[in-house]
Amino acid sequence: MYGKLKITGTIQVVTGLHIGGSNEFAAIGAVNSPVIRDPLTHLPIIPGSSIKGKLRSLLARNYVNELSDLEKNHDNDPSKVIRLFGTSASNNNIKGQSDNAQSSTDKTSQELTVSRLQFFDCFLSNQDDLSKRLGESNTNAIEIKTENTITRLTGTAKPRSIERIIPQAEFAFQCVYDIYGDTEDKIRTDFEVLAKGLGLLQLDYLGGNGTRGYGRIRFIGLNVENPIPSQNFSDGNFVLELSNILKNAVGEKNGQDEGDNDKNKSEASSVKG
């Protein structure tokens, strides 16, 4: 069976978040490091590539046998990670041999593994609420934080200004999981791995300068939907089970959002029928 499952929710910024954009044409006195913005609305966004890259990195760290394995190409990630994020088609060296010791016939060809996850760019979803709370002083959910680099020998300070998305800003999170003839057990395992990554991300940071307190986020209202009516599962509560796997990983308890759960049950029942 080929199919799709849609994952939705909200990313809430907990501490100032910086994902850098271009400052190639910045004027004198402008911010040194701006955030990436939607070119149409000029509001900040969280690129799907940033979420995907961070999740893959955290999961690779979690599942590798040795930290030295992280030095390898991402195509050598643990199998659980590759199932979700895929690999590129390439010629890889036979393990244990150096490049110089190999001829073109001594290399093995690695087939392309398709990613099961598609991440969407995340757009600001609570601008109106933030504008009401902040007034005219801040209508774009961005703050400018000034930091200083201190020269240790002379004690001279060199100021720099960094744009950050303000705390309490919320972004609409969307992700699609592709089903390629997978059994429900395999789908469940994949969602457990994804849930692990989401939980790790909440304990880590997104974007830059995380060791200085930037980029703490939380996921709220995570929900799995079955967008294809003809897509059948043996267990009518299977989609609800997947939702709860994600919710538990980020600190939301089963049944916390009863309205969402009732909706899932209704969808699951209609699909089964």
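Relevant structure appears above.
Residues numbered from 1 in each chain as written. Predicted model: local features only at pLDDT ≥ 70, side-chain atom pairs only at ≥ 80, totals over all residues. Heavy atoms only, no water.

Novice: Before we move on, can you summarise the environment of F119 with the specific residues and values?
Specialist: Here F119 shows up in strand β5 (residues 117–119). In this structure F119 comes out as buried when scored by relative accessible area, which is 16%. With 54 residues separating them along the chain, F119 and F173 place their C-alpha atoms 8.5 Å apart. Apart from the residues lying within four places of it in its own chain, the contact partners of F119 are G48, I51, K52, L55, F85, F173, Q174 and C175. (Helix = DSSP H or I, 4+ residues; strand = E, 2+ residues; numbered from the N terminus. Buried < 20%, exposed > 50% of the residue type's maximum accessible area, 1.4 Å probe, protein only. Contact = heavy atoms within 4.5 Å.)

Novice: Explain the pattern of salt bridges to me, and be specific about the residues and the numbers.
Specialist: A pair can form between side chains of opposite charge whenever their charged atoms are brought close. Enumeration over the complete set of coordinates arrives at twelve salt bridges. Close ionic contact of D129 with R133 constitutes a salt bridge, the shortest N to O distance being 3.2 Å. With a gap of four residues between them, D129 and R133 both fall in helix α3 (residues 127–134), about one helical turn apart. What emerges from the salt-bridge pattern is a single network uniting R83, R116, D182 and D190. (Salt bridge = Lys/Arg side-chain N within 4 Å of Asp/Glu carboxyl O.)

Novice: Account for the pairing of strand β1 (residues 2–13), with residues named and values stated.
Specialist: For β1, the tally of buried residues reaches nine of twelve residues, placing the bulk of the element in the interior. Bridging between β1 and strand β9 (residues 170–180) involves eleven bridges; their strand directions are antiparallel. Within β9, the position partnered with I11 by the bridge is F171. Summarising the sheet, β1 and strand β10 (residues 217–225) pair through seven bridges and their orientation is antiparallel. Within the sheet, the bridge partner assigned to I11 lies in β10 and is F219. (Pairing = 2+ DSSP bridges.)

Taken by themselves, the reported measurements are silent on function.
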